[in-house]
Amino acid sequence: MSIPLNLYGGRIFFYLLKKFRRIFFVNNLDFKVGDDFTTSFWLSSWLKEETISSLFPSLFAISRLQDASIASTGGWINGEWHWNDFGNPIFPDSETGAAAMLRLLLGQQPSVSMVCAADVPRWRRTEDFRFSLSSCYGALCVRYTQYGPPNCFDFVWDYLWKIEAPLKCKAFEWKCFLNRIATKDLLVHRDISFAPSNLACVFCDGCAESSSHYLLLCQRVNEVWLQIASWIGLSDYKAGDFKESFWKWHLFCRRKNLKKGKVGCVWLTTIWSLWVFKNGIIFKDWVWNSRDAVWGVKALLWRWAFIENISQPNCNFYEFDKNSLLYFS
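Residues numbered from 1 in each chain as written. Predicted model: local features only at pLDDT ≥ 70, side-chain atom pairs only at ≥ 80, totals over all residues. Heavy atoms only, no water.

**A few points about the overall build of the chain**
Working step 1: Across its full length, the chain carries 15 helices and four strands.
Working step 2: Within the chain, buried positions represent 41% of all 329 residues.
Working step 3: A fraction of 59% describes how many contacts in the chain between residues 6 or more apart in sequence connect residues 24 or more apart.
Working step 4: On the chain, roughly 18,900 Å² of surface is accessible, and the fraction owed to carbon and sulfur atoms is 56%. (Helix = DSSP H or I, 4+ residues; strand = E, 2+ residues; numbered from the N terminus. Buried < 20%, exposed > 50% of the residue type's maximum accessible area, 1.4 Å probe, protein only. Contact = heavy atoms within 4.5 Å. Areas by Shrake-Rupley, 256 points an atom, 1.4 Å probe, with all protein chains shown as cover.)

Below, the structure is given as structure tokens:
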């Protein structure tokens, strides 16, 4: 399945919802059966998690009662419920086995009730069986996007929006956590073509560009992380993904008794500065220089020291460079 290139974010969700709404909702609904007059025999998930039409597609294809309700596919005889021929008076020899299996399956279920209540559809994706937009979105994501194993650092979301930094930088960090930055590997995934020689990282020009590579794992970027970590006294700074990296820097700064809103500033400043430097190389013909990148991080962090909760209003850059964490404590 290919998604139109002009769709992004929430628009992809509504595109999928519109394109697959019938199949999607049918597969995620089951029914609390009442009088059986409103629940479809073939197209509703009332018997198992799947519809009968998906369990027995060949029988459904030849049935003349494809839109019939449960109550319309049988009747009461002397107080007992009996199923009819499912819209197939004469089954082909090739389908007699499938018909027998269907009757056996139906025989294992409770018969049609005599309750004077309407059939109630229930949303399978929530514990209380009530539909919610978030559960619908999650169900679509599980089906149409690739999910890896659970991340043990998912709790870092709670600290993201508490950082005292510009909103656009925190939004960028959020996109890093979601792996939604417009890097070459994701653009290729959305059918935006690149020449094979143009897929390499703009910093090292050796590995394929991905968000985790050119912001965390690239050899040249590692020089910046090493110098910033040495600057504040952090030794164990390497990590394989954004959440783990954020938590290592956050935990170190918290142990240094930094203020709550300033704890994540060092990590976020470094990530944002590397992103700005990458755009400068692409759009402004900048040339990579790790020294310039490090000084860019320090200068931006110095500016962020004066956002919201200010402890040292008269701090100059020279004093800040000597002991940066003091001005965040």
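**What about the side chain of serine 211?**
Working step 1: Examined against the element boundaries, serine 211 turns out to sit in helix 10 (residues 211–217).
Working step 2: Ignoring anything within four residues of it in the chain, the contact list for serine 211 reads Asn179, Ile181, Thr183, Leu216 and Phe242.

**Some points on the pattern of salt bridges**
Working step 1: Enumeration over the complete set of coordinates arrives at three salt bridges.
Working step 2: Put simply, lysine 278 and glutamate 209 hold a salt bridge, and the shortest N to O gap is 3.5 Å. Placement of lysine 278 in helix 13 (residues 265–283) and of glutamate 209 in the loop between helix 9 (184–189) and helix 10 is noted, with a sequence separation of 69 residues between them. Accessibility classification places lysine 278 together with glutamate 209 in one group, the buried group. (Salt bridge = Lys/Arg side-chain N within 4 Å of Asp/Glu carboxyl O.)

**Some thoughts on the packing of helix 11 (residues 219–232) against helix 14 (residues 290–304)**
Working step 1: Taken N-terminus to C-terminus, the directions of helix 11 and helix 14 make an angle of 45 degrees; their axes are 9 Å apart at the nearest point. Compared by their axis directions, helix 11 and helix 14 come out oblique. With respect to the hand of their crossing, helix 11 and helix 14 are arranged in right-handed fashion. Across the interface between the two elements, Glu223, Val224, Gln227, Ile228 and Trp231 from helix 11 touch Ser290, Ala293, Val294, Val297, Lys298 and Leu301 from helix 14.
Working step 2: Across the contact of helix 11 with helix 14, the residue classes break down as seven nonpolar, two polar and two charged. (Axes fitted to C-alpha atoms, helices over the stretch in contact; angles between N-to-C directions. Parallel < 35°, antiparallel > 145°, perpendicular 65-115°, else oblique. Left-handed = near helix turned anticlockwise from the far one by under 90°. Nonpolar A, V, L, I, M, F, W, Y, C, P; charged D, E, K, R; others polar.)

**Section: the packing of aromatic side chains**
Working step 1: Counted by the stated rule, this structure contains 13 aromatic pairs.
Working step 2: Seen in terms of ring centroids, phenylalanine 177 and phenylalanine 246 are 5.8 Å apart; in terms of plane orientation they differ by 75 degrees. Their pairing is edge-to-face. Pair noted here: phenylalanine 177 is in helix 8 (residues 167–178) and phenylalanine 246 is in helix 12 (residues 242–255), with a separation of 69 residues, a long-range link. In this structure, phenylalanine 177 and phenylalanine 246 share a single accessibility class: buried.
Working step 3: Pairwise contacts between aromatic rings join Phe172, Phe203, Tyr214, Trp272, Trp275, Phe277, Trp286 and Trp288 into one cluster.
Working step 4: Positioned over the ring face of tryptophan 295 is lysine 298, at 4.9 Å from the centre of the ring. (Phe/Tyr/Trp six-rings, centres within 6.5 Å; stacked < 30°, edge-to-face > 60°. Lys NZ or Arg CZ within 6 Å of the ring centre and 35° of its normal.)

**Notes on the environment of leucine 216**
Working step 1: By secondary structure assignment, the location of leucine 216 is in helix 10.
Working step 2: By relative accessible area, which is 9% here, leucine 216 ends up buried.
Working step 3: Taking C-alpha positions, leucine 216 is 7.7 Å from glycine 240, a pair spaced 24 residues apart along the chain.
Working step 4: With near-sequence residues (within four places) excluded, leucine 216 lies in contact with Ser211, Val221, Trp225, Asp241, Phe242, Ser245 and Ile271.

**What about the environment of cysteine 207?**
Working step 1: Position of cysteine 207 among the secondary structure elements: in the loop between helix 9 and helix 10.
Working step 2: Owing to a relative accessible area of 41%, cysteine 207 belongs among the partly exposed residues under this scheme.
Working step 3: For the pair formed by cysteine 207 and glutamine 219, sequence separation is 12 residues and the distance between their alpha carbons is 9.9 Å.
Working step 4: Apart from the residues lying within four places of it in its own chain, the contact partners of cysteine 207 are Leu199, Ala200, Cys201 and His213.

**A short note on the confidence of the model for the chain**
It should be kept in mind that the predicted coordinates are not to be read in detail where pLDDT is low.
Working step 1: The pLDDT averaged across the chain works out to 76; a share of 72% of its residues lies at or above 70.
Working step 2: Confidence over residues 1–10 falls short of pLDDT 50; this stretch has 17 contacts with residues more than four positions distant or in other chains. (pLDDT = per-residue confidence, 0-100.)

**Here we look at the nonpolar core**
Working step 1: By size, the foremost hydrophobic cluster in this structure holds 53 residues, and its most contacted members are Phe203, Leu215, Trp225, Trp249, Trp267 and Ile271.
Working step 2: Counting residues per element, the ones that place at least two in this core are helix 8, helix 10, helix 11, helix 12, helix 13 and helix 14.
Working step 3: Tallying contributions element by element places helix 13 first for this core, with 10 residues.
Working step 4: The contact partners of tryptophan 249, leaving out residues within four places of it in the chain, are Trp225, Ile228, Ala229, Ile232, Leu234, Tyr237, Val266 and Trp267.
Working step 5: Core analysis: the next-biggest nonpolar cluster, separate from the first, contains 14 residues, Trp83, Ala99, Leu102 and Leu105 among them. (Core = buried A, V, L, I, M, F, W, Y, C linked by side-chain atoms within 4.5 Å.)

**A closer look at the packing of helix 12 against helix 13**
Working step 1: For the pair helix 12 and helix 13, interaxial distance at closest approach is 8 Å and the crossing angle is 140 degrees. Relative to helix 13, the element helix 12 is oriented oblique. When helix 12 is examined against helix 13, the residues Phe242, Ser245, Phe246, Trp249 and Cys253 are found in contact with a partner set consisting of Val266, Trp267 and Ile271.
Working step 2: The class makeup of the residues in the contact of helix 12 with helix 13 is seven nonpolar, one polar and no charged.

**Some points on helix 8**
Working step 1: Relative to the 16 Å expected for 12 residues at 1.5 Å per residue, helix 8 spans 17 Å between its end C-alpha atoms, a close match to the ideal helical length.
Working step 2: Those residues of helix 8 not exposed but buried are Cys169, Lys170, Phe172, Glu173, Cys176 and Phe177. What you see down the axis of helix 8 is that its buried residues fit within an arc of 155 degrees, all on one side. For helix 8, the exposed residues set more than 90 degrees away from the buried face come down to Leu167 and Lys168.
Working step 3: At its buried positions, helix 8 is contacted by helix 7 (157–160), helix 10, helix 12, helix 13 and helix 14.
Working step 4: Downstream of helix 8 by one or two residues, asparagine 179 has phi in the positive range, about 60 degrees. (Expected span 1.5 Å × (residues − 1). Arc of directions from axis to C-beta.)

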